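Report on the structure
Read off the chains here:
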Amino acid sequence: MHHYALVPRYRSRSRGRAEYPPSYGPGYPPPGYAPPPPASYPPPGYPPERHPPTYPQYAPPPDPYAVPPRDPYAQPRDPYAPPPHDPYAPPPHDPYAPPPHDPYAPPRDPYAPPPPSRSPGYPPPGYPPAYPYAEYPPPAPAYPPHGPHGPPPGYPPPHHGPPAPPHGHPPYACPPNYYPPHHPHPPHYRTPMPGYGALRPRSRSPNRRLIRRMMIKRPERKAKAKPKAKAKPEKKAEKAGDLTPRELSDIKEAEAKAKREAHPEATREEKPLQLLVERASNPKSWIPCIEDKHLRSWMYMSQEKGVSYADFEQLKEKVEWTEIHGAAALTRKTMWFVKKGCRCPYSYGKQQVSAVTFPDWFLDMAKRWLNSLNLNDQDKDSTFPNCVNLNLYEHGDHQVAWHSDDEPLFRGKFQDTRIISVTLGAMRKFQVGLKAPRRGGILKPEKGSMATFNLGHGQVCTMEGLFQKHYLHQIAKGTTRQARINATFRNIVEHAAGCPLR
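Throughout what follows, the structure given in this document is the object of discussion. (Residues numbered from 1 in each chain as written. Predicted model: local features only at pLDDT ≥ 70, side-chain atom pairs only at ≥ 80, totals over all residues. Heavy atoms only, no water.)

Across all of its chains, the model carries one cavity of 30 Å³ or more by this definition. Estimated volume of the largest cavity: approximately 30 Å³. In this structure, the largest cavity is lined by S249, K252, E253, P437, R438 and R439. Residue classes in the lining of the largest cavity are distributed as one nonpolar, one polar and four charged. (1 Å grid on protein atoms, 1.4 Å probe; cavity = no way out; pocket = protein on both sides within 12 Å on 5 of 7 lines; lining within 4 Å. Points joined across faces, edges and corners; volume = space filled by probe spheres on them. Nonpolar A, V, L, I, M, F, W, Y, C, P; charged D, E, K, R; others polar.)

What follows is about the side chain of Q431. Residue placement: Q431 occurs in strand 13 (residues 428–434). Judged by relative accessible area, which is 12%, Q431 ranks as buried. In terms of polar contacts, Q431 uses its side chain to reach the side chain of Q474, at 2.5 Å. Not counting chain neighbours up to four residues away, the residues in contact with Q431 comprise W402, M450, A451, T452, L472, H473, Q474 and A476. (Helix = DSSP H or I, 4+ residues; strand = E, 2+ residues; numbered from the N terminus. Buried < 20%, exposed > 50% of the residue type's maximum accessible area, 1.4 Å probe, protein only. Polar contact = N/O pair within 3.5 Å; in protein donor to acceptor, adjacent residues only side chain to side chain. Contact = heavy atoms within 4.5 Å.)

This next bit is on the layout of surface pockets. Of the pockets and cavities examined, the second largest pocket occupies roughly 1100 Å³. Lining the second largest pocket we find 45 residues, and of these R332, V400, A401, W402 and H403 sit closest to its centre. Elements that contribute at least two residues to the lining of the second largest pocket include exactly strand 5 (322–325), strand 6 (330–338), strand 7 (346–348), strand 10 (387–393), strand 11 (400–403), strand 12 (419–425), strand 16 (471–475) and strand 17 (484–490). Its residues assigned to classes, the lining of the second largest pocket shows 18 nonpolar, 15 polar and twelve charged.

Summed over the entire model, instances satisfying the criterion amount to eleven aromatic pairs. Measuring from centroid to centroid gives 5.2 Å for F337 and F362, while their planes differ by 50°, and the two rings are tilted. Note that F337 is positioned in strand 6 and F362 in helix 4 (residues 360–369), a separation of 25 residues in sequence. Both residues of the pair, F337 and F362, belong to the buried class. Ring geometry for F362 against F489: centres 6.4 Å apart, planes inclined by 15°, an arrangement best described as stacked. One end of the pair, F362, is in helix 4; the other, F489, is in strand 17, with 127 residues separating them in the sequence. Here F362 matches F489 in class, with each residue buried. Connected via pairs of aromatic rings, a cluster forms that spans F337, F358, W361, F362, W369 and F489. Residue placement shows R268 over the ring face of W298; its charged tip is 5.8 Å from the ring centre. Against the face of W361 rests K318, its NZ or CZ located 5.1 Å from the ring centre. (Phe/Tyr/Trp six-rings, centres within 6.5 Å; stacked < 30°, edge-to-face > 60°. Lys NZ or Arg CZ within 6 Å of the ring centre and 35° of its normal.)

What follows concerns helix 4. Every buried residue of helix 4 is listed here: F362, M365, A366 and W369. Burial along helix 4 is one-sided: seen end-on, the buried residues are contained in an arc of 100°. What points out from helix 4, more than 90 degrees from its buried face, is the exposed set D360 and D364. If you follow the buried residues of helix 4, they end up packed against helix 3 (309–318), strand 6, strand 10, strand 12 and strand 17. (Arc of directions from axis to C-beta.)

Here we take up the pairing of strand 13. In terms of burial, strand 13 is largely enclosed, as six of its seven residues are buried. Relative to strand 14 (residues 451–455), strand 13 runs antiparallel, the two being bridged by five bridges. Counterpart to Q431 in the pairing with strand 14 is T452. Where strand 13 meets strand 16, five bridges bridge the pair, whose relative direction is antiparallel. Its bridge partner lying in strand 16, Q431 is registered against Q474. (Pairing = 2+ DSSP bridges.)

This part covers the nonpolar core. In terms of nonpolar packing, the biggest core is built from 35 residues, with L315, F362, W369, L370, L390, V422 and F489 touching the most fellow members. Counting only elements with at least two residues in this core, the list comes to strand 4 (297–303), helix 3, strand 6, helix 4, strand 10, strand 12 and strand 17. Here this core gets four residues from one element, more than from any other, and that element is helix 4. Excluding anything up to four places from it in sequence, L390 contacts L315, V319, W321, K333, T334, M335, F337, F362, N486 and A487. The next biggest cluster of nonpolar side chains, apart from the first, holds 17 residues, and it includes I290, M301, Y471 and I475. (Core = buried A, V, L, I, M, F, W, Y, C linked by side-chain atoms within 4.5 Å.)

A few words on the pattern of salt bridges. Tallied over the entire structure, the rule returns twelve salt bridges. Taking the shortest distance from any N to any O, the salt bridge between E446 and R260 comes out at 2.6 Å. Note that E446 is positioned in the loop between strand 13 and strand 14 and R260 in helix 2 (residues 245–262), a separation of 186 residues in sequence. Across this residue pair, the class does not change: E446 and R260 are buried. Note that D397 is salt-bridged to R481, the shortest N-O span being 3.8 Å. A residue pair is termed long-range when its members are at least 10 positions apart, and D397 in the loop between strand 10 and strand 11 and R481 in the loop between strand 16 and strand 17 qualify at 84 residues. Classification of D397 as partly exposed rests on a relative accessible area of 40%. By relative accessible area, R481 is classed as exposed at 58%. Each of D406, K413 and K435 takes part in a single network of salt bridges with overlapping partners. (Salt bridge = Lys/Arg side-chain N within 4 Å of Asp/Glu carboxyl O.)

Structural data, given as structure tokens:
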């Protein structure tokens, strides 16, 4: 690049306008000015290698006319390109523009004729001046050469047009070293590309293909005969009138509740009954959950320290579990232990589980769990249970629906029955509610009678009296991923047919 190609520029302090150093204007350098000789600066050995001290006494005075240092990473500027638009430059003066409105001028007479909008002879001939270039890109400029050698070869650049002469100056009458402000390209610079033109106006007539289809006569299709709707069987009139099944269920439930309230069960004074909580070593540790003297039903709960997690692991490994399947999936796994000599099977709906005699290891474990209840077989109230039902719930999806332990083996509907339930493993929700008539064949508790309890590891729950006659219970579904084992101890009162103990 030639030495004249770059014109340095710096930012002045006056409103940030871009100016050019006075070193390139006329009258530079001023008379009597000479740059200081740099022969004695820096001194020999300066700066030191490690910790350079400052030597302000050797610093030359600042040069007010010195050119600012050039940024080595700045893009080189095209000397022939017009400078960028100056937002602070005053707008060019139009000598033919109307004068501005004077706020102090006297009011205009509304009946006077309107003043002429322009002075006579406006616009003058040749105004506005035609732009010298009618095509784009314009030809090479006819400006005077910038420097002793003129513009470099290949000028102007392909993306820059020549600067327009400033308003108020004749062409090429700019002062030396003056760059007029940049103006946007005139409208005739924005010529359309070859082959581009106005779009053809869109026709508002309907589609011709659609018209042809409408004009073609097609053979008429015969409508298919619709199949005759089957006559719906007439609903049989209900005995109680035109009532919905839900309303009938509510009526039956209300009747059962009224009958239950009108016929209370025998009291303990009339028919003696000893509860397990009265035989316990520490009766105060038992929590009363349900004490329904009217229905002769009791439920208590306590925490037994003799139940360990080792017992839980031993049961999971040693017991040969049998899978119980519901209507859709596996609900739980079970085992049915009875005393020696008994062969009574246990039924889960349509599925039966064969009886297995008490193993010695389990009998020792059960006696340790129920040690606080003092069941030593000395009288009829201290009889140790002669059967146990083990249920394994592997996760929260395993459950047992609403039911009551009123099988014929235990005769829970007709006499007092004692049930002892021991929980090992994860905690699950145990729900209890009053028995109500079936709703659509489904057994559910009476409305507003359900109670929920949490059965955790080591908790012992007892249900006594006529609890199985008047109450339902279930293990609801949960979200736990841990297993739970429930041991339900009972006494077989009426052995099944074919059992040696019958």
